[in-house]
Amino acid sequence: MLPPELPPLPALTRAECELVDSYLEVVDLLGRINPTRTNDTYGALRAAQALVGRATALRDALTLMHDRGESALHPVTLGRALRVLDGERRAGRLTVPPEHAS
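Residues numbered from 1 in each chain as written. Predicted model: local features only at pLDDT ≥ 70, side-chain atom pairs only at ≥ 80, totals over all residues. Heavy atoms only, no water.

I would appreciate a short explanation of the nonpolar core in the present structure.
If you look at the biggest cluster of nonpolar residues, it comprises 13 residues, and the most contacted ones within it are Leu19 and Val20. Among the elements of the structure, α1 (14-33), α2 (41-67) and α3 (75-84) are those that each provide at least two residues to this core. With six residues, α1 is the largest single contributor of residues to this core. (Core = buried A, V, L, I, M, F, W, Y, C linked by side-chain atoms within 4.5 Å. Buried < 20%, exposed > 50% of the residue type's maximum accessible area, 1.4 Å probe, protein only. Helix = DSSP H or I, 4+ residues; strand = E, 2+ residues; numbered from the N terminus.)

In structure tokens:
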């Protein structure tokens with residue numbers, strides 16, 4: 001059985017693509033650092049080290065958009081792109097899981 005076909009990504013500018021990609025990379029790294037979801041200090045340390053570079057890329061994408069006069073973000077379109085790229089699941093790793101009932 002073939003996996004379901006993903007919906008197409010919405011049309012985005014290059015800077016918007018960089019914004020979405022960098023944002024998701026930051027989310028992934030924060031998920032790896034989340035102390036409620038990892039047992040490995042070395043892996044968390046490596047993710048924290050990488051976070052600096054990805055946060056810089058995120059800042060640069062937003063700076064480029066601002067410098068080009070792109071003063072508004074389009075949450076519906078960007079949200080659709082994040083959903084297609086599995087952003088909801090990826091962002092779920094940032095939360096604190098509920099305590100297990102005894």
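Next, the rest of the story.
Help me understand the environment of Leu82, please; the structure alone is not making it clear to me.
With respect to the helices, strands and loops of the structure, Leu82 is situated in helix α3. In the structure, Leu82 is positioned 17 residues away from Glu99 in sequence and 28 Å away in space, judged by C-alpha atoms. Apart from the residues within four sequence positions on either side, Leu82 is in contact with Val20, Tyr23, Leu24 and Gly87. (Contact = heavy atoms within 4.5 Å.)

Can you help me understand the pattern of salt bridges in this one?
Opposite charge on two side chains makes pairing possible when the charged atoms of those side chains draw close. Here the structure, examined in full by the defined rule, presents four salt bridges. Across the pair Asp60 and Arg59 runs a salt bridge whose closest N-O atoms are separated by 2.9 Å. Note on Asp60: relative accessible area 38%, which makes it partly exposed. (Salt bridge = Lys/Arg side-chain N within 4 Å of Asp/Glu carboxyl O.)

I tried to follow the side chain of Glu16 on my own but got confused; where do I start?
With respect to the secondary-structure elements, Glu16 resides in helix α1. No salt bridge forms around the buried Glu16; measuring N to O, its nearest opposite-charge neighbour Arg68 is 8.9 Å away. Setting aside its immediate chain neighbours within four residues, Glu16 contacts Ala11, Met65, Glu70, His74 and Leu78. (Lys, Arg positive; Asp, Glu negative; His and termini not counted.)

Is there a simple way to explain the packing of α1 against α3 in this structure?
A pair of packed helices is captured by two measures, namely the crossing angle of their axes and the spacing between those axes. Two numbers describe how α1 lies on α3: the axes approach to 11 Å, and their chain directions differ by 50 degrees. In terms of orientation, α1 and α3 fall into the oblique class. Considering how the two elements wind past one another, α1 and α3 form a crossing that is right-handed. The residues of α3 that touch α1, namely those facing Glu16, Leu19, Val20, Tyr23 and Leu24, are Leu78, Ala81 and Leu82. For the contact of α1 with α3, a count of residues per class yields seven nonpolar, no polar and one charged. (Axes fitted to C-alpha atoms, helices over the stretch in contact; angles between N-to-C directions. Parallel < 35°, antiparallel > 145°, perpendicular 65-115°, else oblique. Left-handed = near helix turned anticlockwise from the far one by under 90°. Nonpolar A, V, L, I, M, F, W, Y, C, P; charged D, E, K, R; others polar.)

Looking at this structure, how should I read the environment of Leu85?
One can find Leu85 in the loop between α3 and α4 (87-92). When its relative accessible area of 27% is taken as the criterion, Leu85 is described as partly exposed. Residues contacting Leu85, with those up to four places away along its chain left out, are Leu9, Val20, Asp21, Leu24 and Arg90.

Purely geometric numbers; function is a separate question.
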